[in-house]
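Descriptive analysis of the structure
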Amino acid sequence: MVSDRWLLAWALGSIALGATSLLIPLYFVSIGGSTLLLGVLAGTAAAAGAPGALLFGRLADRGGKRRHLVLVALGLAAVAIAVVSATESVPVVIAGNAVLWFAAGAAAPVLTLLVTVGRLERDWPGRFAALNRYQGWGWAGGLVLGLAWTALLSGPLGVVFAQRTLLWLCAGVTALAAVLAAGWLPADPIESPRPSRIARAIARSRRLPVRSATFPVGPGRLYWLTRSFHPRQIAARLTPTLSVYFLAVVAVFTGFGVFWGPLPSYLAGTLGYSSGIVFALYLVSSLGSALCYGLAGRLAERYDAIGLQSAGLLARAGLHPAVAVVGLALPGSAVGLVTNGVVFTTIGVAWAVIAITAASIVTRLAPPTIRGEALGLYTALSGLATGVGSVLGGWLGGYGFTLAFGVAGGFVFAGTVLIAAIWQRAPRPEPTVPGPTEGD
């Protein structure tokens, strides 16, 4: 049996990724980056992962040196973080951040392939869950590290110094992860599994990483689910109901991008929260999702997935502008901070419901012959919409964050209306008889 020790190396790298996911936007704000360019920073990061996943995924699938590809990705990420830490140039930070998330996206499909080495196909969903668990809790650990580091050092030594030294630490941690991975990664498999088999196994694996609370699109899923993508075939067999659902997906994830893109500037600049507090808010959102994925899965098995997702989206439609309302009503107060903590936790819980039900809905609405491709299209559309929404959010934030978060809620609400409209028209799933352990 192949050792799982290498997953510890990837968890270490995920700590750095989790910390820099918020640290770089906060550093960007500290060195004078505008709200508009913060949206560009978030948008380019969201867009960069997909090309990395597609390029490295193709290389790995064609028999390339998979271990070497992972090491290249980790090395590239370490260099990108180091470059960002060494400059206060806004364009360089944007470019370095894009390279970082290109590298993170590039590693994802290769790791998905490596985690299946020496395992039977029936065990693959569990292996994907293990990979997600290591990288998800590593990501959460990075947020905890960011909270502690910036809280301890920002006061006596200044915000920029604390952020820059944490960037140095993250670059070193990523480099260490590469060194450990070089010794621990499993040997390259002699024969690669068929992409369609991996795509089906990924679709069956519902456990999502903690990072999904704030970054909903997985580049690894994007690669495997679009590996055998045939645009003409899916266009010819796309049903009207599924088309409406995809339109709703575009609206919803555009709204998510409009909210998350300029959010660091609002929290750190407008509300004056310290870097540690911002890290804490993101952390409670991520943990809210992580702790509720299991419950959301059980609810999805008992109740209609479209109705559940509509409820989760309706909550998010109200919660996004609620962040601005709390800032207006309770500026700079402890009560306002606690209230925002509750709001962010609820945002994470709502995301757990949305994420868990998505694959079930797409599978239910898509004709059997294009289900895998429909899941890939869902992932691609959500990623593209998130990137566009981030840029739009940065632009709107320049006119006012209340406007930006209100528009974010409006996009999500519009998507919710579309999903609710297809609720009664969608085919009903086959009833299931509860098993002996359900409800435990």
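Residues numbered from 1 in each chain as written. Predicted model: local features only at pLDDT ≥ 70, side-chain atom pairs only at ≥ 80, totals over all residues. Heavy atoms only, no water.

Overview of the confidence of the model for the protein
Which entries qualify depends on this criterion: Per-residue confidence from the predictor is reported as pLDDT, which spans 0 to 100. The contact criterion used throughout is that any non-hydrogen atoms of two residues lie within 4.5 Å.
Averaged over all residues, the pLDDT of the protein is 85; the fraction at 70 or higher stands at 85%. Across residues 207-217 the pLDDT falls below 50, and counting only partners more than four positions away or on other chains, this stretch makes 39 contacts in the model. Note that pLDDT drops below 50 for residues 431-440; the model gives that stretch four contacts with residues more than four away or on any other chain.

Looking at the pattern of salt bridges
We apply this condition: The salt bridge definition used is simple: a Lys or Arg side-chain nitrogen within 4 Å of an Asp or Glu carboxyl oxygen. Each helix is a run of DSSP H or I of at least 4 residues and each strand a run of E of at least 2, with the numbering of both proceeding from the N terminus.
Tallying each qualifying case throughout the model produces two salt bridges. The shortest N-O distance in the salt bridge between R164 and E88 comes to 3.2 Å. A residue pair is termed long-range when its members are at least 10 positions apart, and R164 in helix α6 (residues 159-184) and E88 in the loop between α3 (66-85) and α4 (90-114) qualify at 76 residues. With its nearest N and O atoms 3.0 Å apart, the salt bridge here joins D304 to R364. Of the two residues, D304 is situated in the loop between α12 (275-302) and α13 (305-329) and R364 in helix α14 (residues 334-365); the sequence distance between them amounts to 60 residues.

A short note on α14
Residues spaced three or four apart along an α-helix point in a common direction, a consequence of the helix completing one turn every 3.6 residues. The line we're drawing: An expected span of 1.5 Å times one less than the residue number is assigned to each helix. To get the bend at a given residue, fit one axis to the seven residues ending there, fit another to the seven starting there, and take the angle between those axes.
Given a rise of 1.5 Å per residue, 32 residues ought to cover 46 Å, and the 46 Å separating the end C-alpha atoms of α14 matches this to within 8%. The sharpest bend along α14 reaches about 35° and sits at A358.

Structural notes on the packing of aromatic side chains
We describe a pair of aromatic rings using the distance from one ring centre to the other and the angle between the two ring planes. In plain terms, the rule: Classification of ring pairs uses Phe, Tyr and Trp, with its six-membered ring standing for Trp, and accepts pairs whose centres are within 6.5 Å; under 30 degrees between planes counts as stacked, over 60 as edge-to-face, and the remaining range as tilted. Exposed residues in this analysis have more than 50% of their type's maximum accessible area, buried residues have under 20%, and partly exposed residues fall in between, with area computed by a 1.4 Å probe over protein chains only.
Under the criterion given, the structure shown has 15 aromatic pairs. When the ring of F253 is compared with that of Y378, the centres are 6.1 Å apart and the planes differ by 85°; the resulting orientation is edge-to-face. Here F253 is found in helix α10 (residues 240-260), whereas its partner Y378 is found in helix α15 (residues 371-397), with 125 residues between them in sequence. For F253, a relative accessible area of 3% corresponds to the buried category. Taking the centre distance of 6.0 Å and the plane angle of 80° together, the rings of F256 and W351 count as edge-to-face. Residue F256 is located in helix α10, and its partner W351 is located in helix α14; the two are separated by 95 residues in the primary sequence. The exposure classification of F256 matches that of W351, with both residues buried. Ring pairing ties together the aromatic residues F259, W260, Y266, Y282, F344, F401 and F405, which thus form one cluster.

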